[in-house]
Amino acid sequence: MQVSIKLKGVEEALKTFDSKPVITAARRSLKETVASARTAASRAIRERYHISKVNIDRYLVKYLKATELIAILEARASTRTATLPLIYFRVKKPGLRLVKEKGKIKEIQKTRRAKGLVQVQVVKGKPWAPLKHAFIAKMPSGYIGIFERVGKERLPIRELKTIDVPLMFTQRNVMNTTIKRALEKWAKDFPARLDYLLKR
């Protein structure tokens, strides 16, 4: 998935001023524009999905970035590497208390003996989805996830995952919000930086 946003003003400035301050201003502004776009995308995604800021931002930092080309903002992602674990979303299980720290589940506490399925809610406002064969477990590494057993011997186990980052990012509201913020940030930041450099 690739989305390019043409950020205007560089070509016009290069026709009028020396290239060095123009390119310097453009590169610095592009960095700030991308950071602002990530923030807008993160907020828009979290308005729709039950996912913490820390869990979505780590993917946006990796996949939403600027290219080497001046004034081009691109969002790149691979669906093979961007699929999100179900544990990142809203999870509940009778008899278990999931202790969170900075948006991540750090500990599993048993509150009582109770039967019931693991349930997840990915999209806000949607019904809870029961997972018939799933269980929540902490791996030797300390990672906590939602897993299920596969095969006749109930081994191996695999982690359950759901929607991928590209699909979340390309939702109309998320995309429009991100592009709007990028254009606004660039329109304000680039002329100001260029003006400062030209007056030095």
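Please read these numbers as outputs of a predicted model, since none were measured by experiment. (Residues numbered from 1 in each chain as written. Predicted model: local features only at pLDDT ≥ 70, side-chain atom pairs only at ≥ 80, totals over all residues. Heavy atoms only, no water.)

When you line up the elements, V54 lands in helix α3 (residues 53-63). On the basis of relative accessibility, which here comes to 35%, the residue V54 falls in the partly exposed class. The spatial distance from the C-alpha of V54 to the C-alpha of K104 is 7.8 Å, given a sequence separation of 50 residues. Leaving out residues up to four positions away in the same chain, V54 has contacts with K102, G103 and K104. (Helix = DSSP H or I, 4+ residues; strand = E, 2+ residues; numbered from the N terminus. Buried < 20%, exposed > 50% of the residue type's maximum accessible area, 1.4 Å probe, protein only. Contact = heavy atoms within 4.5 Å.)

As a further point, take the sheet that holds strand β9 (residues 129-131). The strand order across the open sheet built from 3 strands is β5-β8-β9, with neighbouring strands paired in antiparallel fashion. Pairing within the sheet leaves two strands with one partner each, and these edge strands are β5 (90-92) and β9. Neighbour-to-neighbour, the strand axes of this sheet turn through a mean angle of 30°, independent of strand direction. The pairing of strand β8 (residues 118-121) with β9 spans 3 bridges and is classified as antiparallel. Its bridge partner lying in β9, V118 is registered against L131. (Pairing = 2+ DSSP bridges. Axes fitted to C-alpha atoms, helices over the stretch in contact; angles between N-to-C directions.)

It is worth spelling out the sheet that holds strand β10 (residues 134-138) at this point. An order of β10-β11-β12 is seen for the 3 strands of this open sheet, with the pairing classed as antiparallel. The open sheet has two edge strands, β10 and β12 (157-159), and neither has a second partner. Ignoring which end each strand starts from, the neighbouring axes of this sheet average 45° apart.

Turning our eyes to something else, we now look at the layout of surface pockets. When its volume is computed, the largest pocket comes out at roughly 260 Å³. What lines the largest pocket is a set of 14 residues, and nearest its centre among them are Y88, K104, I105, Y143 and I144. The leading source of residues in the lining of the largest pocket is strand β7 (residues 104-110), at 3 residues. Tallied by class, the residues present in the lining of the largest pocket amount to 6 nonpolar, 4 polar and 4 charged. (1 Å grid on protein atoms, 1.4 Å probe; cavity = no way out; pocket = protein on both sides within 12 Å on 5 of 7 lines; lining within 4 Å. Points joined across faces, edges and corners; volume = space filled by probe spheres on them. Nonpolar A, V, L, I, M, F, W, Y, C, P; charged D, E, K, R; others polar.)

Remember that the coordinates give geometry; whether it matters functionally is a separate question.
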